[in-house]
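Chain and residue survey
Each chain, written out:
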Amino acid sequence: MLIRRETSDDVPAIRAVTAAAFATAPHSTPPVEPDGAPGEATLVGWLRADPGWVPELSMVAEVEGQVVGHVVCTRGTVDGSSVLGLGPLSVDPAHQGSGVGSALMHAVLGAADALGEPLVALLGDPGYYGRFGFRPASEVGVTAPEPAWGDLFQVRTLAAYDPALTGTFTYAAPFSRF
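Cut-offs applied
- Residues numbered from 1 in each chain as written.
- Predicted model: local features only at pLDDT ≥ 70, side-chain atom pairs only at ≥ 80, totals over all residues.
- Heavy atoms only, no water.
- Helix = DSSP H or I, 4+ residues; strand = E, 2+ residues; numbered from the N terminus.
- Rg over C-alpha atoms; globule rule 2.2 N^0.38 Å.
- Buried < 20%, exposed > 50% of the residue type's maximum accessible area, 1.4 Å probe, protein only.
- Contact = heavy atoms within 4.5 Å.
- Areas by Shrake-Rupley, 256 points an atom, 1.4 Å probe, with all protein chains shown as cover.
- Lys, Arg positive; Asp, Glu negative; His and termini not counted.
- Charge placed at Lys NZ, Arg CZ, Asp CG, Glu CD.
- Pairing = 2+ DSSP bridges.
- Axes fitted to C-alpha atoms, helices over the stretch in contact; angles between N-to-C directions.
- Nonpolar A, V, L, I, M, F, W, Y, C, P; charged D, E, K, R; others polar.
- Expected span 1.5 Å × (residues − 1).
- Polar contact = N/O pair within 3.5 Å; in protein donor to acceptor, adjacent residues only side chain to side chain.
- Core = buried A, V, L, I, M, F, W, Y, C linked by side-chain atoms within 4.5 Å.
- Phe/Tyr/Trp six-rings, centres within 6.5 Å; stacked < 30°, edge-to-face > 60°.

**Some details on the overall build of the protein**
Tallying secondary structure elements over the protein gives four helices and nine strands in all. Along its sequence from the N terminus, the protein presents helices and strands in the succession β-α-α-β-β-β-α-β-α-β-β-β-β. A compact globule built from 178 residues would reach a C-alpha radius of gyration of about 16 Å, and the protein, at 15 Å, matches this within 12%. Oriented by its inertia axes, the alpha-carbon framework of the protein measures out at about 45 × 30 × 30 Å. Split into buried and exposed, the 178 residues of the protein put 46% on the buried side. Contacts in the protein between residues at least 24 apart in sequence constitute 64% of all its contacts with a sequence separation of at least 6. Entry remark: accessible area of the protein is about 8,200 Å², with carbon and sulfur atoms responsible for 54%. Charged side chains in the protein number 9 positive and 19 negative. The centres of these two groups are separated by 2 Å.

Shown next, in the form of structure tokens:
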């Protein structure tokens, strides 16, 4: 498996992997495009066109020359301070459970840390993301955009983290289109 930055040639494969990964996910976003793909597949394209896009943090997993996974972090804020929001993380169903998601997570978190980012936030399963050092955002004084998310809204602090970084998290603008 190879983890690398996405290229423009990867865009169709990323959409296909994201659509397949979220097609049967219990909490996927309803389709917004005529092709019926889950909203997460459209979201990635919206994010790519947004000023919050961080090209260095859009990564694919490739197996035998085929894109089988994708992860992206985009610019978010905590009360105006620059941070990252992670997601979507997508793995082709045929490759789920084989370490692709873990490899993508380790790669994107390492890259974010190397770029001097203070923290990464996400909405997801604590049982899965906890193994990557994510914890409930409330533990570090970061508030979810939607209070009902509770402990599903998590953060991973990085080396540049400052405990004074507290407040309400805001995702890149495309997330609010749903």
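From this point, the discussion proceeds with the structure in view.
**Here we look at the pairing of strand E2 (residues 53-63)**
Taking burial as the measure, the eleven residues of E2 include eight buried ones, the bulk of the element. The sheet contact formed by strand E1 (residues 2-5) and E2 spans four bridges and is antiparallel. Across the sheet, Arg-5 pairs through a bridge with Met-59, a residue of E2. The pairing of E2 with strand E3 (residues 66-78) spans seven bridges and is antiparallel.

**Thoughts on the packing of helix H1 (residues 11-22) against helix H2 (residues 39-48)**
Their axes nearest at 8 Å, the elements H1 and H2 cross at an angle of 145°. For the pair H1 and H2, contact is made by Val-11, Ile-14, Arg-15, Thr-18, Ala-19 and Phe-22 and by Glu-40, Ala-41, Thr-42, Val-44 and Arg-48, respectively. A breakdown of the residues in the contact of H1 with H2 according to their chemical character gives six nonpolar, two polar and three charged.

**Regarding helix H3 (residues 100-114)**
With 15 residues, H3 extends 21 Å between its outermost C-alpha atoms, agreeing within 8% with the 21 Å of an ideal straight helix rising 1.5 Å per residue. Here H3 has its buried residues at Val-100, Gly-101, Ser-102, Leu-104, Met-105, Val-108, Leu-109, Ala-111 and Ala-112. Where H3 terminates, the next one or two residues include Gly-116, which has phi positive at roughly 80°.

**Overview of the side chain of Asp-10**
Its location among the elements puts Asp-10 in the loop between E1 and H1. When near neighbours in sequence (up to four residues on either side) are disregarded, Asp-10 contacts Arg-4, Arg-5, Val-60 and Val-67.

**Some points on the side chain of Ser-90**
Secondary-structure assignment places Ser-90 in strand E4 (residues 81-91). A distance of 3.3 Å separates the side chain of Ser-90 from the side chain of Thr-18, its partner in a polar contact.

**Some thoughts on the nonpolar core**
By size, the foremost hydrophobic cluster in this structure holds 24 residues, and its most contacted members are Leu-57, Leu-86, Met-105, Val-108, Val-120 and Phe-134. It is H3 that contributes the most residues to this core, seven residues altogether. With sequence-adjacent residues up to four places away left out, Val-108 is seen in contact with Leu-57, Met-59, Val-71, Cys-73 and Leu-86. One finds Val-142, Phe-153, Tyr-161 and Leu-165 within the second-largest nonpolar core, a separate group that totals 14 residues.

**Brief notes about the packing of aromatic side chains**
Within this structure, the stated rule accounts for ten aromatic pairs. Ring geometry for Tyr-128 versus Tyr-129: centroids 4.9 Å apart, planes at 85°, classification edge-to-face. Relative to Phe-169, the ring of Phe-153 has its centre 5.4 Å away and its plane inclined at 50°; by these criteria the two rings are tilted. Linking Phe-153 in strand E8 (residues 153-157) with Phe-169 in strand E9 (residues 167-170), this pair joins segments that are 16 residues apart in sequence. Exposure remark for Phe-153: the relative accessible area of 1% places this residue in the buried category.

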